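Notes for the structure review
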Amino acid sequence: MFLREITFPVNRLKGAGPSAQRILGDAGINSVASLLTRYPRDWEDRRCTILLKDWNKGPVCTVVKVLSHEWFGFGRMKTLKVHVEDESARAMLVCFNRPFLQKQLPVGEQIRIWGKFYYKYGELQATAFEIENPGIQKDFMNPVYPLSKELTHNLLRRLIQQALDQFGSNLEDEIPQSIMVREKLLPKKEALRAVHFPESMEILEQARNTLIFEELFYLEIMVGRRALERKKEDSLNKGTEGYPSSSPGFSPLQINLIERLPFSLTPGQEKAIGEINADMSGPWPLARLLQGDVGSGKTLVAFLAALRAVDEGGQAAIMAPTELLARQHANNAARLLEPLGIRPAYLTGNLKSTGRSRLLENLAAGEVDIVLGTHALFSKDVIYRNLSLVIIDEQHRFGVTQRQAIVAKGQSSLQQKNIPDLLMMSATPIPRTLALTVFGDLDISVISDMPPGRKPVKTHLAKESNAEKVYDFVQKELEAGRQAYFVFPLIGENETSGSILKDAVSMAEKLAKEIYPQYSTALIHSKLDDEEKRKTMEAFRAGEIRILAATSVVEVGVDVPNASCMVIHHAERFGLSALHQLRGRVGRGRDQAYCFLIYSDQDILPGINPLNLSEEERSREGRRLMVMLENRDGFIIAEKDLLFRGPGQIAGIEQSGYLKLGIADPVRDTDALIRARTEAFGILEKDPCFLLSEHRCIAEVLERSPPFAEVGL
Ligand code: ADP
Ligand code: MG
């Protein structure tokens with residue numbers, strides 16, 4: 001049988017009673033298969049001896065003799081200290097909350113101990129250690145599992161052993177033999193046993209490689225199938241699958257909007273919307289990633305796509321990562337789309353209950369055509385009448401698994417039971433690993449040009465001590481009627497006391513009172529409430545506020561064309577991609593725009609000036625900032641950013657937990673990922689139905705992914 005077929009509840013295991021079943025269930029382990037795929041996060045080799053004197057070479061694993069007992073502290077804080085020695089040294093075991101060890105460690109006894117030792121007050125000691133009978137002979141390494149509340153190592157180790165004994169020997173391989181040979185994979189039953197109870201490092205390595213490859217292979221089968229399915233020219237399906245085929249040309253509402261625009265679409269926009277229209281008129285749902293540098297005009301493309309959905313009788317949802325941006329989209333929608341007779345609405349988590357329930361009613365009744373908002377768009381209680389297009393702006397962590405929830409939203413629409421079209425937009429180029437996994441099944445459109453008349457933003461570096469000169473320059477721009485952003489790495493002073501960093505709160509005051517008293521200044525940062533943020537942004541957009549002191553909340557998407565200056569204090573504190581995004585806030589109109597990167601003199605060594613100094617002599621931060629002077633293309637900047645940050649730091653993917661595979665890690669295992677992808681796509685090409693009836697294995701991979709809510713959705 002295959003592992004995924006062992007769906008029996010864990011009480012089928014000898015020695016697993018109702019309480020074990022409950023504890024495992026609480027930890028998300030409901031079947032024998034899911035128990036067996038609770039892989040160790042580490043392995044401890046307790047077979048070899050590491051003497052006390054070698055405490056700094058790893059966890060000590062040795063047989064000691066108990067010398068004496070000693071108590072310190074009083075009352076409930078009373079703590080036992082046990083003095084021990086092995087052949088090499090003496091040490092002390094500090095038994096916090098473990099008074100019972102007095103009996104288990106009688107003076108004169110020989111005990112095997114295992115634990116991390118360290119020096120404190122001139123004594124070698126350990127607080128976290130385990131004790132064992134020295135007679136125990138082990139023939140495998142100890143697995144260390146991720147635990148939760150009541151789930152203990154003893155229970156897991158015992159039941160996994162039991163599961164392997166009861167079911168392990170019947171496990172069959174699922175990956176085609178030819179691939180197993182090419183990849184030198186272990187048979188599944190061996191791999192599974194060895195990953196839990198490895199007898200050697202070598203076999204552990206092989207077992208891990210096997211399971212990692214297998215997981216990535218299944219993942220890529222899933223990814224590949226979606227890609228293939230959508231691309232399959234299946235004319236029979238046209239019109240019958242619920243994706244009504246229509247003309248791939250512009251739809252009536254699209255034409256209407258385009259005719260009203262004061263400008264024409266750029267060739268890049270035109271190409272992108274053409275591709276979207278073709279997809280939306282085809283037999284398969286649209287699933288496309290729209291990449292385009294900051295300011296390339298993605299919003300308009302999004303609106304055009306939404307109009308097509310409305311033309312075809314559906315509803316569109318446009319999701320932005322922040323309230324600020326969602327609000328801006330909503331305002332634009334009101335301005336551009338309402339004149340066409342479209343009914344847009346704005347939904348965020350902060351909407352008060354009465355307004356909210358009215359809006360929800362309207363959505364369910366189909367009285368809203370396009371809804372714009374934050375992730376609140378996908379809360380449980382939001383029900384659509386006919387959600388047929390979802391657009392996600394600037395949300396890189398929105399992976400395959402999260403998209404499942406959108407699919408579910410579409411399928412729970414009152415009228416339509418289909419997978420909604422999906423358009424994702426990003427100004428940040430997608431790193432390779434993400435492209436292969438999270439976005440591996442998406443088609444890609446790129447807007448590679450900018451609206452005409454844009455002048456490149458002039459970028460300057462300035463030392464903190466020259467900030468006055470920058471202020472003087474900005475003064476001239478303000479006099480000419482322009483507006484300016486000042487960005488700081490911190491919100492308020494109290495954030496890090498004693499810091500030499502300028503912060504938004506105190507600098508807003510200084511800008512308003514001392515530097516530009518004749519102009520109106522406002523402050524914006526993430527801790528302000530939304531109403532305040534909204535008012536401030538609106539006033540800034542309207543030109544009533546001329547100077548905005550901000551944190552990086554203005555980083556993504558904010559669009560105020562009259563702003564011509566972006567002054568970034570402590571620029572060395574920001575990532576390159578963030579700087580590029582910030583710089584992209586200006587230069588959106590026809591005027592020349594400027595970006596000043598002010599760096600702290602003490603943070604960056606001299607050497608910013610490329611004329612005088614060689615590459616090596618420039619500090620790392622200096623070189624990083626130079627990238628901003630030398631490049632305008634966001635894609636190149638993002639690549640350089642990756643180089644500076646090094647591997648494993650890609651776009652926050654390691655913390656994002658978007659794809660919690662059991663044992664594989666797409667960033668660490670990129671090579672295996674690419675091979676798994678090649679194999680998976682190769683098989684699908686020959687046999688599109690490979691594993692099709694066997695969705696369970698894939699479902700298992702997905703099962704382990706965090707639920708929608710956990711990733712903030
Ligand atoms: P981004 O791709 O960064 O999201 P936006 O959609 O915010 O860019 O567009 C930036 C600015 O460019 C907006 O003010 C928008 O109105 C303007 N814009 C978009 N398309 C065009 C165009 N074809 N010609 C001129 N201006 C345009
Ligand atoms: Mg945008």
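A brief report on the enclosed structure follows. As the structure is a prediction and not an experimental result, all values here were calculated from the model.

1. A look at the packing of helix 10 (residues 298-311) against helix 11 (residues 323-337)
Contact pair helix 10 / helix 11: the axes reach a minimum separation of 11 Å and the direction vectors enclose 60°. Considering the angle they form, helix 10 stands oblique to helix 11. Here helix 10 and helix 11 pass one another in a crossing that is right-handed. In this structure, helix 10 contributes T299, F303 and L307 to the contact, and helix 11 contributes H329, N332, A333, L336 and L337. Taken together, the residues that form the contact of helix 10 with helix 11 break down as 5 nonpolar, 3 polar and no charged.

2. Structural notes on the sheet that holds strand 17 (residues 458-463)
Sheets are built from strands that pair by backbone hydrogen bonding, the pairs being arranged parallel or antiparallel. The sheet built from 6 strands is open, its strands ordered 17-22-21-18-20-19 with parallel pairing. The open sheet terminates on both sides in strands that have one partner only, identified here as strand 17 and strand 19 (521-524). Strand-to-strand twist in this sheet, taken as the mean axis angle between neighbours without regard to direction, amounts to 20°. Relative to strand 20 (residues 547-550), strand 18 (residues 483-487) runs parallel, the two sharing 4 bridges. Across the sheet, the residue bridging to F486 is A549, located in strand 20. Against the sheet, helix 15 (residues 467-479) makes contact with strand 17, strand 18, strand 20, strand 21 (563-568) and strand 22 (594-599), and its axis sits at roughly 160° relative to strand 22, the strand it touches most. Across the face of the sheet, helix 16 (residues 504-515) comes into contact with strand 18, strand 19 and strand 20 while running at roughly 175° to strand 19.

3. As for the packing of aromatic side chains
Applying the stated rule across the entire model yields 10 aromatic pairs. A centroid spacing of 4.7 Å and a plane angle of 70° characterise the contact between F473 and Y594, whose relative ring orientation is edge-to-face. Of the two residues, F473 sits in helix 15 while Y594 sits in strand 22, which places them 121 residues apart along the sequence. Under the relative-accessibility criterion, F473 is labelled partly exposed at 31%. An aromatic cluster of at least three residues, connected via ring pairs, comprises F213, F217 and Y218. Of note, R12 hangs over the ring of F8, and the distance from its end group to the ring centre comes to 4.2 Å. Lying over the aromatic face of W71, K78 brings its terminal NZ or CZ to 5.3 Å of the ring centre.

4. Details of the packing of helix 11 against helix 17 (residues 530-541)
Put simply, helix 11 and helix 17 touch, their axes get as near as 10 Å, and they point 50° apart. Taken together, helix 11 and helix 17 sit at an angle that is classed as oblique. The hand of the helix 11/helix 17 crossing is right-handed. Here helix 11 contributes E323, L324, R327, Q328 and N331 to the contact with helix 17, which in turn contributes D530, K533, R534, M537, E538 and R541. Residue composition of the contact of helix 11 with helix 17, by class: 2 nonpolar, 2 polar and 7 charged.

5. Observations regarding the pattern of salt bridges
Summed over all chains, the structure comprises 23 salt bridges. Residue K271 is joined to E275 by a salt bridge in which the shortest nitrogen-to-oxygen separation is 3.8 Å. Of the two residues, K271 and E275 are both situated in helix 9 (residues 267-281); the distance of 4 residues between them amounts to about one turn of the helix. The exposure class of K271 is partly exposed, given its relative accessible area of 48%. Between E509 and K513 there is a salt bridge, with the nearest N and O atoms lying 3.2 Å from each other. With E509 and K513 both in helix 16 and 4 residues apart, this pair spans about one turn of that helix. Owing to a relative accessible area of 59%, K513 belongs among the exposed residues under this scheme. Residues joined in a network through salt bridges with shared partners are K271, E275, D279 and R288.

6. Looking at the site of ligand 1
Taken together, the neighbourhood of ligand 1 is formed by 17 residues, with Q269, G295, T299, R454 and D559 sitting nearest. Between G295 and ligand 1, the recorded distance is 2.6 Å, taken from a backbone N or O atom to an oxygen atom. Out of a free accessible area of 560 Å², ligand 1 has 85% covered by protein chains. If one sorts the elements of the shell around ligand 1 by residue count, helix 10 sits on top with 3 residues. Residue composition of the shell around ligand 1, grouped by class: 5 nonpolar, 7 polar and 5 charged.

7. Some thoughts on the nonpolar core
Side chains of a nonpolar character, in soluble globular proteins, are inclined to be buried together. In terms of nonpolar packing, the biggest core is built from 58 residues, with L13, L35 and F217 touching the most fellow members. Within the residue set of this core, elements represented by two or more residues are helix 1 (18-26), helix 2 (32-36), helix 4 (153-167), helix 5 (177-182), helix 6 (188-196), helix 7 (201-231) and helix 22 (670-686). Considering each element in turn, this core owes the most residues, 12 residues, to helix 7. If we ignore the near neighbours within four places in the chain, the residues touching L13 are V32, L35, L159, Q162, A163, Q166 and F167. Judged by nonpolar contacts, the second largest core, of 39 residues, contains A272, M280, I391 and M425.

Thresholds applied
Residues numbered from 1 in each chain as written. Chains lettered and ligands numbered in written order. Predicted model: local features only at pLDDT ≥ 70, side-chain atom pairs only at ≥ 80, totals over all residues. Heavy atoms only, no water. Axes fitted to C-alpha atoms, helices over the stretch in contact; angles between N-to-C directions. Helix = DSSP H or I, 4+ residues; strand = E, 2+ residues; numbered from the N terminus. Parallel < 35°, antiparallel > 145°, perpendicular 65-115°, else oblique. Left-handed = near helix turned anticlockwise from the far one by under 90°. Contact = heavy atoms within 4.5 Å. Nonpolar A, V, L, I, M, F, W, Y, C, P; charged D, E, K, R; others polar. Pairing = 2+ DSSP bridges. Phe/Tyr/Trp six-rings, centres within 6.5 Å; stacked < 30°, edge-to-face > 60°. Buried < 20%, exposed > 50% of the residue type's maximum accessible area, 1.4 Å probe, protein only. Lys NZ or Arg CZ within 6 Å of the ring centre and 35° of its normal. Salt bridge = Lys/Arg side-chain N within 4 Å of Asp/Glu carboxyl O. Near = heavy atom within 4 Å. Polar contact = N/O pair within 3.5 Å; in protein donor to acceptor, adjacent residues only side chain to side chain. Areas by Shrake-Rupley, 256 points an atom, 1.4 Å probe, with all protein chains shown as cover. Core = buried A, V, L, I, M, F, W, Y, C linked by side-chain atoms within 4.5 Å.

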